[in-house]
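# Residue-level structure breakdown
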Amino acid sequence: MLRRCQAADIPHILEVEKKSFKPEDIYSEELLRFLCAYCGEHSFVYINDNVLAGYIITCIEGGVAHVITIAVDPEYRRRGIGKALLCTAMQLLADGKVSEVFLEVRASNTVAQALYKSAGFEQVEVLRSYYSDGEDGYRLSLRDKKKAREFCLYVEKPLDNAR
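To start, this report covers the structure provided alongside it. (Residues numbered from 1 in each chain as written. Predicted model: local features only at pLDDT ≥ 70, side-chain atom pairs only at ≥ 80, totals over all residues. Heavy atoms only, no water.)

## What about helix α1 (residues 10-20)?
Within the span of α1, buried status applies to Ile10, Ile13, Leu14, Val16 and Glu17. Projected down its long axis, α1 shows its buried positions confined to an angular sector of 160°, all on one face. Buried residues along α1 sit in contact with α2 (29-38), β2 (44-48), β3 (51-61) and β4 (64-72). (Buried < 20%, exposed > 50% of the residue type's maximum accessible area, 1.4 Å probe, protein only. Helix = DSSP H or I, 4+ residues; strand = E, 2+ residues; numbered from the N terminus. Arc of directions from axis to C-beta. Contact = heavy atoms within 4.5 Å.)

Structural data, given as structure tokens:
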């Protein structure tokens, strides 16, 4: 079940961060708390069997949506949760609330890149030494409302309780 991010979710989001990202990329609890509050209208968690299985934090900045962070607990991956979460940001574009959705991704994160490209995102910039360990990142962007609508239309409901 998708629902908006709440302050009580922050410790659980932090746990998913720790399981999903390199230690130097993990956001602090204080920053996550701020982002969940500041960008709360467009930030969601996915709850599976009373467990926070994934989250997305999306902020609107100057008429564009920036996916700040998105992750799914490794135990719950490959069930459509990431697609459902990503769709919350893409829906902002599909509904005309923003003109673009963009995000950054590690050059080595080919799994995430495949998801974003399947959703219609295109690489618009190489971010040299973007990450604290010196790895490059890519800025990906989606401006096509039709692609956003189509992707979200075909996103299946995530498989709850699947083990």
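From this point, things continue past the structure.
## Some words on the environment of Asn50
Here Asn50 shows up in the loop between β2 and β3. Relative accessible area serves as the criterion here: at 78%, Asn50 is assigned to the exposed category. With 20 residues separating them in the primary sequence, Asn50 and Glu30 have C-alpha atoms 24 Å apart.

## Observations concerning the sheet that holds strand β7 (residues 137-142)
Ordered in space as β1-β2-β3-β4-β5-β7-β6, the 7 strands form an open sheet in which the pairing is mixed. In the strand order of this sheet, the two ends are held by β1 (2-4) and β6 (122-127), each with one partner. For this sheet, the mean inter-axis angle between neighbouring strands, taken without regard to orientation, is 25°. Of the pairings in the sheet, the one linking β1 to β2 comprises 3 bridges and is antiparallel in character. Each bridged residue has a counterpart across the sheet, and for Leu2 the counterpart in β2 is Tyr46. Across the sheet, helix α4 (residues 110-118) is in contact with β4, β5 (101-106) and β7; its angle to β5 comes to roughly 160°. (Pairing = 2+ DSSP bridges. Axes fitted to C-alpha atoms, helices over the stretch in contact; angles between N-to-C directions.)

## Overview of the nonpolar core
Grouped together as the largest cluster of nonpolar side chains are 35 residues, with contacts concentrated most on Leu86, Met90, Tyr116 and Phe121. Those elements that place two or more of their residues in this core are β2, β3, β4, α3 (81-94), β5, α4, β7 and α5 (145-153). Among the elements that take part in this core, α3 stands out by supplying 10 residues, more than any other. Among residues more than four places away in sequence, those in contact with Phe121 are Leu86, Met90, Val101, Phe102, Leu103, Tyr116, Leu140, Ser141 and Leu142. Listed in part, the 17 residues of the second largest apolar core include Cys5, Val45, Ile57 and Cys59. (Core = buried A, V, L, I, M, F, W, Y, C linked by side-chain atoms within 4.5 Å.)

## A word on the state of the cysteines
In a disulfide, the sulfur atoms of two cysteines are covalently bonded to one another. Tallying each qualifying case throughout the model produces 3 disulfides. Residue pairing for Cys39: its cysteine sulfur links by disulfide to Cys59, the two sulfurs lying 1.7 Å apart. Negative torsions about the S-S bond denote left-handed disulfides, and the value of about 90° found for Cys39 with Cys59 makes this one right-handed. Here Cys39, found in the loop between α2 and β2, pairs with Cys59, found in strand β3; they are 20 residues apart in sequence, far enough to count as distant. Comparing Cys39 with Cys59 shows no difference in burial state: the two are buried. The disulfide partner of Cys87 is Cys152, and the gap between their sulfur atoms is 1.9 Å. Taken together, the positions of Cys87 in helix α3 and Cys152 in helix α5 put the pair 65 residues apart, joining distant regions of the chain. Taken individually, Cys87 and Cys152 each receive the classification buried, so the pair is uniform in this respect. Assigning the bonded cysteines of the chain consecutive numbers by sequence position, one obtains the connectivity 1-2, 3-4, 5-6. (Disulfide = S-S within 2.5 Å.)

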